[in-house]
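Now for the letters of each chain:
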Amino acid sequence: MKSSRRYRCDLSVLAALCLLLAGPAHALSTDTQQPVQIDGDIAELDDEEHTTVYIGNVIVDQGSIHMTGDRLRVNFTENKELKDAYLEGRPATFKQTPDNDDDVHGQALQIEYHAQQSLLKLIEKARVTQGERLFEGHRINYDTKKSLITARSARADKADKDSHSKADSGRVRIIIPPKKRPLPDAPAAPEAGAPAKP
């Protein structure tokens, strides 16, 4: 028999999901020490299936990490370790503050994290920004072990590319702003009593 409960909870095992959503950026060093709070209109815990589902105005917070969506499903192993998590929304969003950088903002219609494969997926209308940097496409995969990011359009896996128009294919776009160069130092003022140079 399945057990079902409405509750507001602290699930520290979800910290891995929250911390990885920003891709290669690192969250505040204190985020992992903060509790994970998940709120929703409905929460259902199924001990037999090792799943927890939150539905309606889902909000996940842990330190500087803030995620929103319409539905969150979290699957656990029998040892109550995170197996995978699925956040859906129109769009599902996240925001994270790294220690020494601009906030990271991301969104997709679905965000998945597969802990055993160390794989994070942002699927359909995927977009990650940090300051002026932008990474977007139909799908963005991040292998957290290899620090490898792959982006692809919806047409990438299609044998018949013409079955999906370029306009709505979610083509990959990456914007890397130029590095900001320090302003040159102003010339030093001549010392008192020194002759001025022509």
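Refer to the structure above for everything that follows.
Residues numbered from 1 in each chain as written. Predicted model: local features only at pLDDT ≥ 70, side-chain atom pairs only at ≥ 80, totals over all residues. Heavy atoms only, no water.

### Quick notes on the overall build of the protein
A tally of helices and strands in the protein yields 1 helix and 11 strands. Sequence-ordered secondary structure for the protein, helices as α and strands as β, is β-α-β-β-β-β-β-β-β-β-β-β. Counting all 198 residues of the protein, 38% fall into the buried class. For the protein, the share of sequence-separated contacts (at least 6 apart) that also reach a separation of at least 24 residues comes to 46%. By element, 49% of the accessible surface of the protein is carried by carbon and sulfur atoms, the whole surface being about 12500 Å². (Helix = DSSP H or I, 4+ residues; strand = E, 2+ residues; numbered from the N terminus. Buried < 20%, exposed > 50% of the residue type's maximum accessible area, 1.4 Å probe, protein only. Contact = heavy atoms within 4.5 Å. Areas by Shrake-Rupley, 256 points an atom, 1.4 Å probe, with all protein chains shown as cover.)

### A short note on the pairing of strand E6 (residues 82-96)
Sheet analysis places strand E5 (residues 65-76) next to E6, joined by 9 bridges and oriented antiparallel. Within E6, the position partnered with Val-74 by the bridge is Ala-85. Between E5 and E6, which follow one another and run antiparallel, lie 5 residues, and Lys-80 among them has a positive phi close to 65°. Relative to strand E7 (residues 104-114), E6 runs antiparallel, the two being bridged by 10 bridges. Looking at E7, one finds that Lys-95 is bridged to His-105. (Pairing = 2+ DSSP bridges.)

### Details of the pattern of salt bridges
In total, this model carries 4 salt bridges according to the counting rule given. The residue Arg-127 makes a salt bridge to Glu-136 at a minimum N-O spacing of 2.7 Å. Arg-127 sits in the partly exposed class, given a relative accessible area of 33%. The class for Glu-136 is buried, based on a relative accessible area of 16%. The partner of Glu-136 in a salt bridge is Arg-173, and the shortest N-O contact between them spans 3.5 Å. With Glu-136 in strand E9 (residues 133-143) and Arg-173 in strand E11 (residues 173-175), this residue pair connects regions lying 37 residues apart in the sequence. On the accessibility criterion, Arg-173 (47% relative accessible area) is partly exposed. Residues joined by salt bridges that share partners form a network here, namely Arg-127, Glu-136 and Arg-173. (Salt bridge = Lys/Arg side-chain N within 4 Å of Asp/Glu carboxyl O.)

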